[in-house]
Amino acid sequence: MQSSIFTDLAVEAAAQAPTGTSGVQSHTTMQGGLRITRLEITSQAGEAVLGRPQGRYYTAEIPDTLGQGDDDYEQSAQTLAELLGELLPAGDGCLLVAGLGNEGVTPDALGPETASRVLVTRHLTTADSKLAELFRAVAVVCPGVLGQTGLESAELLRGAAATVRPVAILAIDALAARSLTRLGNTIQITDTGLLPGGGIGNSRHELPSRTMGVPVVGMRTDEFPAFYCKESGFGVDVRYDSE
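All figures in this text were calculated on a predicted structure; none of them were measured in a lab. (Residues numbered from 1 in each chain as written. Predicted model: local features only at pLDDT ≥ 70, side-chain atom pairs only at ≥ 80, totals over all residues. Heavy atoms only, no water.)

S.K.: Provide a residue-level description of the packing of aromatic side chains, including the pertinent values.
M.R.: Taken as a whole, this structure holds zero aromatic pairs when the rule is applied. Sitting above the plane of the tyrosine 58 ring, arginine 38 keeps its charged end 4.6 Å from the centroid. (Phe/Tyr/Trp six-rings, centres within 6.5 Å; stacked < 30°, edge-to-face > 60°. Lys NZ or Arg CZ within 6 Å of the ring centre and 35° of its normal.)

And the structure:
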C-alpha cells in the first residue's frame, strides 16, 4: 500500500515506515560540516511503502548557526556541489536551469529567486571560443505558473530543451516537509524526477527524462509551513533541494 505520509522528503517517509522495510537502504555520515543521509529505494516493495519511485535520495541537513561568511560556509557549499555533481552528466554540455514557481508568492518563490542568482553563460560560450574554455554553457528559464501564463511548466521546458539541447535540466522548486524544524535547512537531491505542485496537492505535468528528453535534476528546499501536504508519488531524474 502506498504511504500517505505528509512530506516530500524521503528520509521523513522512511522514518515513518515499518522497521526492516524491504528494498530501502540508508546510511548517514557527517561531511563538510553537514549531516548527509544517503537513501536508496531498490525495489517495488520499497516504492510501495515509501510512496516514491526507485532511485537515490540524498538529504543534507544544514546547521542553524551556519551563515554566509562563516569559516565552514565554503566547505559546506563545496560538499553540496559535490553531491550535485554526482548526479549531473559528465562533460561540458549545456545545463538548463529551470526556476519553477511564482515569484510573487513567498513560499513558492524559491525557484525564480534562485534562478536569478545563476551565472548565465550560454550566450557567451556560443559567441566566443575562449570563453567556452573558461565557462560551462548555462541557460536559465523561469516558466512561471499556469495561472500566469496559461502554459504548463513542462510544456515550456520541453520547448526550451528542444532549442537549447542541454545535457541536463536543473529544476528548482519548493518542497513540503513533515517537521517544521526542517524548514529552510534541509537539502535533498534525488535522481527520480520532479512534479511541480505535487507537494501541495496541485500536481502539474511531471518533469522526468522520459518527457524532457534529457536528465532532469530537481533542486528543491523546505520553505514554508503552507507546503504541509501529501507526497505526489511522482518525481524527476535528479532532485536538488537548496536555497
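Moving on, there is more to tell.
S.K.: Just give me the short version of helix H3 (residues 73-87), but keep the residues and values in it.
M.R.: Taking 1.5 Å as the rise per residue, H3 with 15 residues should run 21 Å; its terminal C-alpha atoms sit 22 Å apart, in good agreement. Here H3 has its buried residues at Ser76, Thr79, Leu80, Leu83, Leu84 and Leu87. One side of H3 carries all its buried residues, which in axial view fall inside an arc of 135 degrees. (Helix = DSSP H or I, 4+ residues; strand = E, 2+ residues; numbered from the N terminus. Expected span 1.5 Å × (residues − 1). Buried < 20%, exposed > 50% of the residue type's maximum accessible area, 1.4 Å probe, protein only. Arc of directions from axis to C-beta.)

S.K.: Kindly report on the nonpolar core, identifying the contributing residues and their values.
M.R.: One finds Cys94, Leu96, Ala98, Leu100, Ala137, Ala139, Leu157, Ala160, Ala161, Val164, Ile169 and Ala171 forming the largest nonpolar core, which totals 12 residues. Only strand S4 (95-100), helix H8 (153-164) and strand S6 (168-175) provide two or more residues apiece to this core. Tallying contributions element by element places H8 first for this core, with four residues. (Core = buried A, V, L, I, M, F, W, Y, C linked by side-chain atoms within 4.5 Å.)

S.K.: Before we move on, could you go through the pattern of salt bridges and cite the residues and values that matter?
M.R.: Side chains bearing opposite charge may pair, as long as their charged atoms lie close to each other. The full count for this structure, using the stated rule, is five salt bridges. Measuring nitrogen to oxygen at the nearest pair gives 2.9 Å for the salt bridge that ties glutamate 61 to arginine 35. Note that glutamate 61 is positioned in strand S3 (residues 55-61) and arginine 35 in strand S2 (residues 34-41), a separation of 26 residues in sequence. As a salt-bridge pair, arginine 38 and glutamate 86 come within 3.3 Å of each other at their nearest N and O atoms. Residue arginine 38 is located in strand S2, and its partner glutamate 86 is located in helix H3; the two are separated by 48 residues in the primary sequence. In the salt-bridge network here, residues are joined through shared partners; they are Glu12, Arg35, Glu61 and Arg182. (Salt bridge = Lys/Arg side-chain N within 4 Å of Asp/Glu carboxyl O.)

S.K.: Could you give an account of the environment of valine 24, naming the residues involved and the relevant values?
M.R.: Relative to the assigned elements, valine 24 resides in strand S1 (residues 24-31). Between the C-alpha atoms of valine 24 and glutamine 44, which are 20 residues apart in sequence, the distance is 9.9 Å. In this structure valine 24 touches Leu39, Glu40, Thr42, Gly46 and Leu50, once residues within four positions along its chain are discounted. (Contact = heavy atoms within 4.5 Å.)

S.K.: An account of unusual backbone geometry is requested, with residue identities and associated values reported.
M.R.: Phi is positive for arginine 165, which is not a glycine, with a value near 55 degrees. Along the polypeptide, arginine 165 turns up in the loop between H8 and S6. For arginine 165, a relative accessible area of 67% gives the class exposed.

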